[in-house]
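# Geometric and topological summary
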Amino acid sequence: MHTKTCPRCGQQLFDDMPICYECLYEFAVQDEIVPVGAYEESEGGTVHEGVSDIRLHVATPSVDLALPVPEDGLVVGRGSACDVVLHTPAVSRRHARLELREGGVLVTNLGARNPAVLQEEPVMESALMEKGEVLNVCGSLFWIEADAKE
């Protein structure tokens, strides 16, 4: 079977995979590619430098996976330079930032006209997402998964 390399994170994938399950890059979308840089290969597999034990579960119409949260956070948006790219016209190029905080993940609106919704409340500026809560970014759902140590 033939393989290909994701242009965003460098993950090796089978040719028939339409999405990179490491960084959510969608191959069918032709967009400017900006490497993420938080991913490095080692002899034992992928090493995530500066990544906590907290993982965010992401559920979109085409993807369902868990992502590690780097210490400097994740930017969610439609633009190719975002850490989590959502290919939905309602999503802003830079929609929201998700940063680790004591007690959960801080969600910050980056100027989105369709703000993310946390527990049925629009996030106009910032809000803390705690374990068990669901963040909706234009139909894509995010929630905190159990720590790897639990």
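Now for a quick tour of the structure. Sequence order as written defines residue numbering, which begins from 1 separately in each chain. Two thresholds apply to this predicted model, a pLDDT of at least 70 for residue-level local features and 80 or more for giving and counting side-chain atom pairs, whereas whole-chain, interface and lining totals are computed over all residues. Calculated side-chain values reflect all of the structure's heavy atoms, with hydrogen atoms and water omitted.

### Digging into the overall build of the protein chain
Helical segments are the DSSP runs of H or I of at least four residues, strand segments are the runs of E of at least two, and each set is numbered from the N terminus. Looking only at helices and strands, the protein chain has zero helices and 15 strands in total. We call two residues in contact when some of their heavy atoms are within 4.5 Å. For the protein chain, the proportion of contacts with a sequence separation of at least 24, taken over those separated by at least 6, is 34%. Per-residue and other accessible areas follow the Shrake-Rupley method at a 1.4 Å probe size, with only the shown protein chains counted as cover for residues. Carbon together with sulfur atoms contributes 48% to the accessible area of the protein chain, which is approximately 8,400 Å² in total.

### Some points on the side chain of Thr 60
As for its placement among the helices and strands, Thr 60 is situated in the loop between β5 (51-59) and β6 (64-70). Buried, partly exposed and exposed residues are distinguished by accessible area as a fraction of the type maximum, computed with a 1.4 Å probe on protein chains only: under 20%, between the cut-offs, and over 50%, respectively. For Thr 60, a relative accessible area of 19% puts it in the buried group.

### Structural notes on the nonpolar core
Counting residues in each nonpolar core, the largest one holds 26 residues, and the members touching the most others are Leu 56, Val 84, Leu 98, Met 129, Leu 135, Val 137 and Phe 142. When near neighbours in sequence (up to four residues on either side) are disregarded, Leu 135 contacts Leu 98, Val 107, Ala 116, Val 117, Leu 118, Val 123, Met 129, Ser 140, Leu 141 and Phe 142. Each nonpolar core is a collection of buried residues, namely Ala, Val, Leu, Ile, Met, Phe, Trp, Tyr and Cys, held together in the definition by side-chain atoms within 4.5 Å.

### Quick notes on the sheet that holds strand β8 (residues 84-85)
Spatially, the five strands line up as an open sheet ordered β8-β7-β9-β10-β13, and their pairing is mixed. Every interior strand has two partners, whereas the edge strands, β8 and β13 (126-129), have only one. Judged from the six bridges that link them, strand β9 (residues 96-101) and strand β10 (residues 104-109) form a sheet pairing that is antiparallel. Following the sheet pairing, Leu 98 is matched in β10 by Val 107. For two strands to count as paired, DSSP must find a minimum of two bridges between them.

### Remarks on the environment of Val 85
Positionally, Val 85 belongs in strand β8. Residues Val 85 and Glu 26, 59 residues apart in the sequence, show an inter-C-alpha distance of 8.3 Å.

### Regarding unusual backbone geometry
Of note, the phi angle at Glu 120 is positive, near 70°, even though the residue is not glycine. Examined against the element boundaries, Glu 120 turns out to sit in the loop between β11 (117-118) and β12 (121-122). Glu 120 gets classed as exposed once you look at its relative accessible area, which sits at 74%. One non-glycine residue, Cys 138, adopts positive backbone phi at about 50°. Within the fold, Cys 138 resides in the loop between β14 (135-137) and β15 (140-145). The exposure class of Cys 138 is partly exposed, given its relative accessible area of 25%.

### Here's the deal with the pairing of strand β7 (residues 74-77)
Where burial is concerned, the two faces of β7 agree: the one with Leu 74 and Val 76 and the one with Val 75 and Gly 77 are both buried. Looking at chain direction, β7 and β9 are connected through three bridges and run antiparallel. By the bridge assignment, Leu 74 is partnered in β9 with Leu 98. Sheet analysis places β7 next to β8, joined by two bridges and oriented parallel. Across the sheet, the residue bridging to Val 76 is Val 84, located in β8.

### Examining the environment of Asn 114
Within the secondary structure layout, Asn 114 lies in the loop between β10 and β11. Separated by 24 residues in the primary sequence, Asn 114 and Cys 138 have C-alpha atoms spaced 7.3 Å apart. Identification of polar contacts relies on pairs of N or O atoms within 3.5 Å, with a donor-acceptor requirement for protein atoms, meaning one able to donate a hydrogen and the other able to accept it, and with residues adjacent in sequence counted only if both atoms are side-chain atoms. Here the side chain of Asn 114 touches Ala 90 through a polar contact of 2.9 Å, landing on its backbone oxygen.

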